[in-house]
Amino acid sequence: MANSPINASQDSPPSFNWDAWYSQIGGRKINIEEVDAILKKIYEEQYLRFEGPVHEKQIQFDSTFKASEHIKAKAIEFGADIVGICRIEPSDIYKGKQVTEKFAIAVGQRMLWRKFQVVPSQESAIECLRVYLTLGETVIKLADHIRSLGYSCKVEHPIGDSDLLHIPIGLKAGFGELGRHGSIIHPKLGPLFRMGSVITSIEMECDQPVNAGIGKFCDTCKACRIYCPAKAIPDKRSPEAGKDHIGLDRYIVDTGKCFPYFASHYYCSACLPVCVYNHKEWARDFEGFQTKLFPEVIFDPVPNPVDDVPDDLKHNYNLVNR
Ligand code: SF4
Ligand code: SF4
């Protein structure tokens, strides 16, 4: 049975018109052989594999949890570093578009920190494109697998003419919080990752947005703003631009300033590696041993309080006004 379509909301932004933007700055200015070769592969080889036959027999899952567990395990097997699931809402869809699937499976792959030691640079530009290509393979394989289970689906490639806005999808799928620089900061991967998605109507458990104080931290840290060569990253949040997924007013990057720099300087990307949430040595101790990201905290039953120490022997810290 066909799903009823979900239409974009009235307030949805139009999809980014790359040609119009490039024409404003006198055409595409990034000419790197490796980048051109990767773009050719994406457009000429991957795009053809977005569609495929759906198996006539549909596999049934015991529960929505089992379905999401299976899909996530497959995404990881096909090369995802992170994967999350959310329900698609009208505000996730670009203006004038519609989708017929209910869920988005967001898939992310990390970019290598060591390729961003100099930004902007040819090396960082190639790394961005390398990950777009490998991420494309991951979402295509995941879509093939979903069709083999008897469910229709659609690839939302990280590059190109997608129907969905990747950032709100990633935020709802639990990829992290929105940074001042306009990119998602993942608690483990930081901001150096790219994402794409596959949309489908398999009934699955959804993930929850992350609210770990990352976005709030941006109010005091301004590293990306300081190091943005185009001065495109704002000082203050913009209440008139609406809230993010955890209720914070959004920071709005000035795309009119960013794009000309980005498009003439190897996709710039400076705001990503300068972000303090890049955990270069994260989860390793000083001798290089891999450790946990966060200690496991034991929540045993709480003992009764002991409060019979005389007042003049109690140790109280001075109150500090912050
Ligand atoms: S990509 Fe470059 S120009 Fe654009 S916001 Fe980031 S640092 Fe600024
Ligand atoms: S560099 Fe600082 S202000 Fe900018 S996104 Fe990262 S944490 Fe937020």
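For the structure, see preceding data.
Okay, so let's go over this structure. Fair warning: this is a prediction, and the values are worked out from it, not measured in the lab.

### Topic: the environment of I159
(1) Moving on: For I159, the location among the structural elements is in the loop between strand 5 (153-156) and helix 5 (166-172).
(2) Moving on: Distance from I159 to M195, taken between C-alpha atoms, is 9.5 Å for residues 36 residues apart in sequence.
(3) Moving on: Aside from chain neighbours lying at most four places away, what touches I159 is I42 and Y132.

### Comments concerning the site of ligand 2
(1) Moving on: Neighbouring ligand 2 are G179, R180, H181, F217, C218, C221, K222, A223, C224, C275, V276 and Y277.
(2) Moving on: For the shell around ligand 2, the residue count by class is eight nonpolar, two polar and two charged.

### Concerning the sheet that holds strand 4 (residues 103-110)
(1) Moving on: As summarised here, the arrangement of the four strands in space is 2-4-8-5, forming an open sheet in which the pairing is antiparallel. Edge strands, defined here as strands with exactly one partner in the open sheet, are strand 2 (82-87) and strand 5. For this sheet the average axis-to-axis angle between neighbouring strands, irrespective of direction, equals 20 degrees.
(2) Moving on: Inspection of the sheet shows strand 4 paired to strand 8 (residues 193-200) by eight bridges, in the antiparallel sense.

### Some remarks on helix 4 (residues 122-148)
(1) Moving on: Between its terminal C-alpha atoms helix 4 stretches 39 Å, which fits the 39 Å expected from 27 residues at 1.5 Å a residue.
(2) Moving on: Looking one or two residues past helix 4, G150 carries a phi angle of roughly 95 degrees, positive in sign.

### Description of the pairing of strand 8
(1) Moving on: For strand 8, the tally of buried residues reaches eight of eight residues, placing the bulk of the element in the interior.
(2) Moving on: Taking every second residue as pointing to the same face, both faces of strand 8 are buried, with F193, M195, S197 and I199 on one and R194, G196, V198 and T200 on the other.
(3) Moving on: Of the pairings in the sheet, the one linking strand 5 to strand 8 comprises four bridges and is antiparallel in character. The residue bridging E156 from the neighbouring strand is S197, located in strand 8.

### Considerations on helix 8 (residues 255-264)
(1) Moving on: Among all positions of helix 8, only C258, F259, F262 and A263 are buried. Seen end-on, helix 8 carries its buried residues on one side only, within an arc spanning 110 degrees.
(2) Moving on: Buried residues in helix 8 make contact with helix 1 (18-24).

### Digging into the nonpolar core
(1) Moving on: By size, the foremost hydrophobic cluster in this structure holds 72 residues, and its most contacted members are A104, I105, A106, V107 and V198.
(2) Moving on: Per-element tally for this core: the top contributor is helix 4, with 11 residues.
(3) Moving on: Apart from the residues lying within four places of it in its own chain, the contact partners of A104 are C86, I88, L164, I169, A173, S197 and I199.

### Looking at the pairing of strand 9 (residues 238-243)
(1) Moving on: The element strand 9 is barely covered by neighbouring structure, given that only zero of its six residues are classed as buried.
(2) Moving on: Hairpin connection, strand 9 to strand 10 (residues 249-250): the antiparallel pair is bridged by five residues, and G247 has positive phi, about 90 degrees.

Cut-offs used in this document
- Residues numbered from 1 in each chain as written.
- Chains lettered and ligands numbered in written order.
- Predicted model: local features only at pLDDT ≥ 70, side-chain atom pairs only at ≥ 80, totals over all residues.
- Helix = DSSP H or I, 4+ residues; strand = E, 2+ residues; numbered from the N terminus.
- Contact = placed C-beta atoms within 7 Å.
- Near = placed C-beta within 6 Å.
- Nonpolar A, V, L, I, M, F, W, Y, C, P; charged D, E, K, R; others polar.
- Pairing = 2+ DSSP bridges.
- Axes fitted to C-alpha atoms, helices over the stretch in contact; angles between N-to-C directions.
- Expected span 1.5 Å × (residues − 1).
- Buried ≥ 20, exposed ≤ 12 C-beta atoms within 10 Å, placed from the backbone.
- Arc of directions from axis to C-beta.
- Core = buried A, V, L, I, M, F, W, Y, C linked by C-beta atoms within 7 Å.

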